[in-house]
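So the chains spell out like this:
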Amino acid sequence: KAGVTQTPRYLIKTRGQQVTLSCSPISGHRSVSWYQQTPGQGLQFLFEYFSETQRNKGNFPGRFSGRQFSNSRSEMNVSTLELGDSALYLCASSLSGGGPHYNEQFFGPGTRLTVL
Amino acid sequence: QKEVEQDPGPLSVPEGAIVSLNCTYSNSAFQYFMWYRQYSRKGPELLMYTYSSGNKEDGRFTAQVDKSSKYISLFIRDSQPSDSATYLCAMSGSGNQFYFGTGTSLTVIP
């Protein structure tokens with residue numbers, strides 16, 4: 001079974017631009033979560049989508065948004081980029097439908113975003 | 001106070017040593033506990049998944065959960081240089097929002 005895939009793997013943008021990151025979950029997984037990872041803050045939860053609806057949201061400004069499509073693929077958008085947005089953005093998928101392992105999360109390789 | 005506290009290390013041990021990694025948490029609603037391993041410039045890889053209290057063993061890895069003390073541990077027996085990575089603990093309640101520790105950096109010296 002293919003794992004979680006994320007595109008692009010690397011991205012360089014300048015302040016003020018916007019960026020869209022993509023995540024394809026493991027086949028059959030309906031929940032997709034997004035995280036920001038930085039050396040100082042560790043893994044911080046951005047939001048979670050399930051069946052095309054945002055189910056949970058972390059404490060990030062409105063510049064960070066996402067969506068999920070009917071095939072469970074998800075995109076994350078960051079508008080008006082700031083230098084502090086430079087980070088590894090990770091996507092994780094889980095079954096989330098019940099059962100003992102319903103919320104085991106599997107991560108993709110991440111997209112490394114650099115904002116200049 | 002952070003939801004999850006994890007000693008960042010770094011931890012350096014000789015090959016073959018037993019490694020003990022720990023996390024504490026404050027939210028008594030947490031009931032799912034996970035350990036991830038993350039190699040440099042890669043995404044986290046799920047190592048162990050435990051529900052509620054108790055022990056779980058998988059090869060050289062043992063996960064322990066003590067809900068009464070709000071304390072979880074990961075033990076690595078016969079540590080290998082390939083175990084050198086950052087180890088992240090994670091936990092969640094009945095929802096699907098996860099809380100992560102900041103990670104412990106481990107180096108196993110040949």
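Residues numbered from 1 in each chain as written. Chains lettered and ligands numbered in written order. Predicted model: local features only at pLDDT ≥ 70, side-chain atom pairs only at ≥ 80, totals over all residues. Heavy atoms only, no water.

> When you look at the interface of chain B and chain A in this model, what are you seeing that I'm missing?
Between chain B and chain A, the contact holds 19 residues from the first and 28 residues from the second. Overall, the association of chain B and chain A removes approximately 1,800 Å² of surface from exposure, summing both partners, and the carbon and sulfur fraction of that is 49%. Put simply, chain B and chain A have zero salt bridges between them. Inspection of the region where chain B meets chain A yields two residue pairs in polar contact (both at pLDDT 80 or more). Among the elements of the structure, β4 (32–38), β5 (45–51), β9 (85–92) and β10 (98–100) of chain B are those that each provide at least two residues to the side of chain B that touches chain A. Sort the elements by how many residues they give to the side of chain B that touches chain A and β4(B) lands first, with three residues. Looking at the side of chain B that touches chain A, its residues break down into eight nonpolar, nine polar and two charged. (Contact = heavy atoms within 4.5 Å. Buried area = accessible area lost by both parts, 1.4 Å probe. Salt bridge = Lys/Arg side-chain N within 4 Å of Asp/Glu carboxyl O. Polar contact = N/O pair within 3.5 Å; in protein donor to acceptor, adjacent residues only side chain to side chain. Helix = DSSP H or I, 4+ residues; strand = E, 2+ residues; numbered from the N terminus. Nonpolar A, V, L, I, M, F, W, Y, C, P; charged D, E, K, R; others polar.)

> Sorry if this is basic, but what is going on with the nonpolar core here?
One broad trend across soluble globular proteins is that nonpolar side chains are buried collectively. Counting 24 residues, the largest nonpolar core has B:Trp35, B:Ile72, B:Leu74, B:Tyr87 and B:Met91 as the members making the most contacts within it. Counting only elements with at least two residues in this core, the list comes to β3 (19–25), β4, β5, β7 (61–66), β8 (71–76), β9 and β11 (104–109) of chain B. Core analysis: the second largest hydrophobic core is formed by 21 residues, A:Val19, A:Ile26, A:Val78 and A:Leu113 among them. (Core = buried A, V, L, I, M, F, W, Y, C linked by side-chain atoms within 4.5 Å. Buried < 20%, exposed > 50% of the residue type's maximum accessible area, 1.4 Å probe, protein only.)

> I tried to follow the environment of A:Pro109 on my own but got confused; where do I start?
Residue position: A:Pro109 is located in the loop between β10 (106–107) and β11 (111–115). Judged by its relative accessible area of 23%, A:Pro109 falls in the partly exposed class. Measuring from C-alpha to C-alpha, the distance between A:Pro109 and A:Gly3 comes to 9.5 Å, with 106 residues separating the pair along the chain. Here A:Pro109 is in contact with A:Val4, A:Gln6, A:Arg9, A:Leu88, A:Leu90, B:Lys42 and B:Gly43, once residues within four sequence places are set aside.

> Would you mind showing me how to read the packing of aromatic side chains here?
The geometry of two aromatic rings is summed up by the distance between their centres and the angle between their planes. Residue and element names in this part refer to chain A. This model, assessed by the stated rule, comprises 13 aromatic pairs over all chains. With centroids separated by 5.6 Å and ring planes inclined at 75 degrees, the aromatic side chains of Phe 47 and Tyr 49 adopt a geometry described as edge-to-face. Tyr 49 matches Phe 47 in its accessibility class, with the two residues each being buried. For the ring pair Phe 60 and Phe 64, a centre distance of 5.2 Å and an interplane angle of 65 degrees mean the geometry is edge-to-face. (Phe/Tyr/Trp six-rings, centres within 6.5 Å; stacked < 30°, edge-to-face > 60°.)

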